[in-house]
Amino acid sequence: MAKNDLIIRVAGEGGEGVVSTGDFVAAACARAGLEIYTFKTFPAEIKGGYAMYQVRTSPDRIYNQGDTFDVLCAFNGEAYEVNKHLLKPGTAFVYDYPGGDFEPDAIPEGVHAYPIPMSKTAKEMKSYRSKNMVAMGALSVLFNINEVTLKQVLTKKFGKKGEEILNFNLQAFEKGKELAMPLKKTDPWRVADATAPKDVIVISGNDAAGMGALLGGLEFFSAYPITPATEIAKYVATHLPKLGGTLIQAEDEIASIGQVLGASYAGKKSMTATSGPGLALMAEMLGMAFMSETPVMLVDVQRGGPSTGLPTKHEQSDLFLAIHGAHGDAPRIVLSVEDVKDCIDMTVDALNLAEEYQCPVLLLSDGSLAFSTQTVPRPNPADYTIVHRKMWDGEGTYARYKMTEDGISPMVNPGTPGGMHIATGLEHTESGAPSFKAETHEQMQAKRFGKIKPVVNRYKPTEVDGEGEADLGIITWGSTIGVAREAVARLRAEGYKVKGFYPKLMWPMPVEQYEAFAATCKKILVPEVNYQGQLSHFIRAETSIKPIPFTICGGLPFTPIQMMDRVKEII
Amino acid sequence: MSVAALHKVDLKPKDYKSEVSVVWCPGCGYHGILSSIYKSLAELGVDSSNLMAISGIGCSSRTPYFIKSYKMHTLHGRAGPVATGAQLAQPEQAVLVTGGDGDGFSIGGGHMPHMARKNVNLTYILYDNGIYGLTKGQYSPTSRPELKAYTTPYGGPDEPMNPLLYMLTYGATYVAQGFAGKPQLCAELIKGALEHKGFSYVNIFSQCPTFNSIDTVEFYRELVREVPEGHDTSNLGAAMELARRDAEGHAPIGLLYKVNRPTLDERLAAIVTKVGGHKGYDINKIIDLASP
Ligand SMILES: Cc1ncc(C[n+]2csc(CCOP(=O)(O)OP(=O)(O)O)c2C)c(N)n1
Ligand code: SF4
Ligand SMILES: [Mg+2]
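Cut-offs used in this document
- Residues numbered from 1 in each chain as written.
- Chains lettered and ligands numbered in written order.
- Predicted model: local features only at pLDDT ≥ 70, side-chain atom pairs only at ≥ 80, totals over all residues.
- Heavy atoms only, no water.
- Near = heavy atom within 4 Å.
- Polar contact = N/O pair within 3.5 Å; in protein donor to acceptor, adjacent residues only side chain to side chain.
- Helix = DSSP H or I, 4+ residues; strand = E, 2+ residues; numbered from the N terminus.
- Nonpolar A, V, L, I, M, F, W, Y, C, P; charged D, E, K, R; others polar.
- Buried < 20%, exposed > 50% of the residue type's maximum accessible area, 1.4 Å probe, protein only.

1. Remarks on the site of ligand 1
Inspection of the region around ligand 1 gives 18 residues, with Y30, C59, S60, D101 and D103 of chain B positioned closest. Flanking ligand 1 are residues from chains A and B. Here N129 of chain B contributes a side-chain N or O atom positioned 3.1 Å from an oxygen atom of ligand 1. Within the backbone of G133 of chain B, an N or O atom sits 3.0 Å from an oxygen atom of ligand 1. The element contributing the most residues to the shell around ligand 1 is helix 3 (residues 101-107) of chain B, with 4 residues. Counted by class, the shell around ligand 1 contains 7 nonpolar, 8 polar and 3 charged residues.

This is the structure in structure tokens:
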């Protein structure tokens, strides 16, 4: 990619300042008008363990975490051991030496090595905590990380803690600079120069979903903690009360979704957020929401499964559960996000769709987006429309499940005279009275299925990337879309005829759009991060397309190069 | 429940009957409980449109169908969470949960402690018939081991639980017990529960003549003893002592415990007040916190 598209990986022991280093570098780049896309892996342990934080930055839009790093900054021996096979000719390697806990083997030819005595310097300053400041000073000199904005970021962070702490950290930063200054720079890597600052925010996927919830007019949230979704609840718990709403933590996910259903019945815009194991527990209540036509919204931040699986790892394997996970015929509207911006915008959409269609709406995010921070144009609240459910006008006798032209029956809030009715999971007539007659069940199922059908024509977040005929089309979903965008662009630049199709409305499936796209491609490749090829399965079941699945499930996202290699093999 | 906040109306018990006809077996104790509910609603002058009756699944969970009100018939064991959500969404309205011993203490047992300790402002009436009625007679968490039932043809292997001790332990702020054969007492206890601000729990013994052959009306008449005059309802230890039953194994009926403590909705409202929250708060201030 472009030379000023740079990837810096900071690695070390969790708690050693790896995360804050990454955060500072990312914020400094964003302040300098650059785009950022960060990617992190955490230890599953609470304390210690290997942690990695990678910042990709460029003046142009970034769609994914990248192929590998250009610059590795290793805080300890483990970080070196884990990453040394990736030290390819051309990469730059900054490491804690001398005085650190390791001495690297012979550095491969072509690797640009910069030893910086981080631990030693920190020890001399009598503060182990300043190790990462030393590293950052060195990085800023070596790779042109904007010093002005970096200092602004440090001041913003440490200024709150008092002058003394701020000055101490700035001192450590200066020490790091001094250590790097005499080193001869042999590599070509440098962060692009500052451009005019853009009106952006830097936010993680989980915080973004929380922000989207606020922008979407959320009033009630019920949570149960689970990795990697809990930050959504934290964000909402912090900010929703400011807007007059509340969050409660329930005793389990069954209770969470039950509370959401109850609050929604009683007239409040409500949601929850969970990951696979929690979603599995919610299946029965989601069926109830479908049957009782109650708007409920939930975000599922997917993680490695099945069972407890790989809680901190990335996977896209809940599509089956999200679409069909309930007994009886009980579909929902299922959306999936590509990036952090989508986490904001599509959370609003999901809340709106739940209100409009009076059914469960699931928004799928994933482990790599949960913690990835990205630059996003600052959302303007005025740009978001908040949709409210269709309400009874008070005329005539109220029937909760009245047959209407569009299948959507007006709702009424408890407390309204004349609107009394029952919301029930039993099959029922228009008034809500239990009925097990064949024609009632058939008519009501047709009503409930029919009302969500038009969503494919009214809500079209799906994108086609490229025009005309192609030798191969990539169809993919979730955060893998970002990888496909870059792979498609690079393949095209190399002369390949490739296109991309990026569905974000997963269910109901916009079959016509799929078919129209496939008609322009000789072959269809479907990369996704799960074992079975779940999207491939739905494509085979619902369309006439014969997809070629391309699945990985190693706990990490695809890289663009990995996708490009596969395309070249089969094209 | 916030009956005080309700718009008071002047109605007769029969006015709370819905148009749905009652489906319970003849001789079922639930008929008596239902009439006690109608009576207490009428005596309090509860406005139906400000009442939400919510249940799970079971014969007892059919109750909301028979009451004129807003209502939800949910999933087996899940009335509690759904009612909690509804109550928090509309704290000015009254919420009444009805359900069985299986619904509340078996499948829904994970929710009970939390409604009690959080002091969710609602009334929970548990129809305790020592059996799963709807599924045709399996033993329940309150069945006696002597009961030979559908899945316990040789008697039960389990020790029955004590719902009153359970509720007292977990912090319910109103705990009472009645017997369907004493509708006047039940009506009084339910009325007290509806008037109580906080989580109020009423356990009502009720015969299931169809499936529970041993917990008969006669058995319950012999089992129950009125809470002694002079019992201090604010004394948790004394309430627990009564709930443990006396040396002859008699079960207390009447009000055992009643105290006041802030409710969950009050505590949540206090958080909103603490942060100065309101509908007109400028969301831009929250967005700007994410600027780099
Ligand atoms: C998830 C689930 N499991 C099992 C059932 C079947 N079921 C319905 S009611 C019931 C037990 C009812 O007993 P109880 O709660 O004591 O109510 P009663 O009928 O005695 O009033 C069972 C097991 C169900 N509806 N849902
Ligand atoms: S089965 Fe038992 S609990 Fe159910 S209605 Fe009949 S008598 Fe009552
Ligand atoms: Mg029972």
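There's more to say after this.
2. Examining unusual backbone geometry
Looking along the chain, the bond that leaves T227 of chain A and enters P228 of chain A is cis, with omega of 0°. Mapped onto the elements of the fold, P228 of chain A is located in the loop between strand 8 (220-223) and helix 8 (230-239). In the segment running from G305 of chain A into P306 of chain A, the intervening peptide bond is cis, with an omega of 0°. Mapped onto the elements of the fold, P306 of chain A is located in the loop between strand 11 (296-302) and helix 11 (319-324). At S307 of chain A, a position not held by glycine, the phi torsion is positive, near 55°. Among the structural elements, S307 of chain A can be located in the loop between strand 11 and helix 11. Overall, S307 of chain A belongs to the exposed group, its relative accessible area being 63%. A positive phi angle, near 75°, is found at K136 of chain B, a position not held by glycine. Inspection of the secondary structure puts K136 of chain B in the loop between strand 4 (123-128) and helix 5 (163-170).

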